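# Structure assessment
Spelled out from the first residue to the last, the chains are:
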Amino acid sequence: QVQLVESGGGLVQPGGSLRLSCVASGTIFSIGAMGWYRQAPGKQREWVATIGSATTMYTDSVKGRFTISRDNAKNTVYLQMNSLTPGVTDVYYCSASVAQSGSNGRRAYWGQGTQVTVPA
């Protein structure tokens with residue numbers, strides 16, 4: 001099995017920064033794209049950013065403020081969040097496309113989420 005564990009969430013003041021981390025562990029042959037999503041209370045989960053082998057993509061609302069990166073040796077993806085806006089109570093989830101063997105295709109795995117709170 002594969003596990004994704006996020007960390008780094010917390011309470012931060014408006015305009016502040018947080019760095020989220022997500023470590024993949026378990027039976028891993030290869031990892032493709034990794035990404036971050038967020039979900040506000042009562043709303044659907046939305047995509048935030050994705051990183052492939054050489055490309056990064058962001059939703060428009062975070063461009064210029066958030067940076068996604070990865071450390072392949074550590075099976076870890078990061079999300080540096082700067083200039084955080086007030087009134088945020090989102091849970092951030094990481095996702096990774098993982099193959100558990102060379103003969104199987106990749107499938108998506110999800111972490112349990114980490115809470116990010118920015119008071120109004």
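The structure reproduced in this document is the subject of the present report. (Residues numbered from 1 in each chain as written. Predicted model: local features only at pLDDT ≥ 70, side-chain atom pairs only at ≥ 80, totals over all residues. Heavy atoms only, no water.)

### Some words on the overall build of the protein
Helix and strand content of the protein: zero helices and 11 strands. Mapped in sequence order, the helices and strands of the protein form the string β-β-β-β-β-β-β-β-β-β-β. Taking 120 residues into account, the globule formula puts the C-alpha radius of gyration at 14 Å, and the protein, at 14 Å, falls close to it. When the 120 residues of the protein are sorted by exposure, 41% land in the buried category. Summed over its atoms, the accessible surface of the protein is roughly 6300 Å², and 49% of this surface lies on carbon and sulfur atoms. In the protein, which carries 10 positive and 5 negative side-chain charges, the distance between the mean positions of the two groups comes to 4 Å. (Helix = DSSP H or I, 4+ residues; strand = E, 2+ residues; numbered from the N terminus. Rg over C-alpha atoms; globule rule 2.2 N^0.38 Å. Buried < 20%, exposed > 50% of the residue type's maximum accessible area, 1.4 Å probe, protein only. Areas by Shrake-Rupley, 256 points an atom, 1.4 Å probe, with all protein chains shown as cover. Lys, Arg positive; Asp, Glu negative; His and termini not counted. Charge placed at Lys NZ, Arg CZ, Asp CG, Glu CD.)

### What to know about the pattern of salt bridges
Enumeration over the complete set of coordinates arrives at two salt bridges. Asp60 serves as the salt-bridge partner of Lys63, at 2.9 Å between the closest nitrogen and oxygen. Overall, the relative accessible area of 61% leaves Asp60 in the exposed class. (Salt bridge = Lys/Arg side-chain N within 4 Å of Asp/Glu carboxyl O.)

### Here's the deal with the environment of Ser95
On the secondary structure map, Ser95 appears in strand 9 (residues 88–99). Once the C-alpha coordinates of Ser95 and Gly42 are considered, the two residues, 53 residues apart in sequence, prove to be 21 Å apart. With residues up to four places along the chain from it excluded, the contact list for Ser95 reads Leu4, Ala33, Met34, Gly35, Tyr37, Ala108, Tyr109 and Trp110. At 3.2 Å, the side chain of Ser95 forms a polar contact with the backbone oxygen of Tyr109. (Contact = heavy atoms within 4.5 Å. Polar contact = N/O pair within 3.5 Å; in protein donor to acceptor, adjacent residues only side chain to side chain.)

### Observations regarding the sheet that holds strand 7 (residues 66–71)
The strand order 1-3-8-7 describes an open sheet built from four strands, whose pairing is antiparallel. Because the sheet does not close on itself, it has two edges, and the strands there are strand 1 (2–7) and strand 7. Taking the axes of each pair of neighbouring strands and ignoring which way they run, one obtains an average angle of 15° across the sheet. Of the pairings in the sheet, the one linking strand 7 to strand 8 (residues 76–81) comprises six bridges and is antiparallel in character. Along strand 8, the bridge assignment pairs Ser69 with Tyr78. (Pairing = 2+ DSSP bridges. Axes fitted to C-alpha atoms, helices over the stretch in contact; angles between N-to-C directions.)

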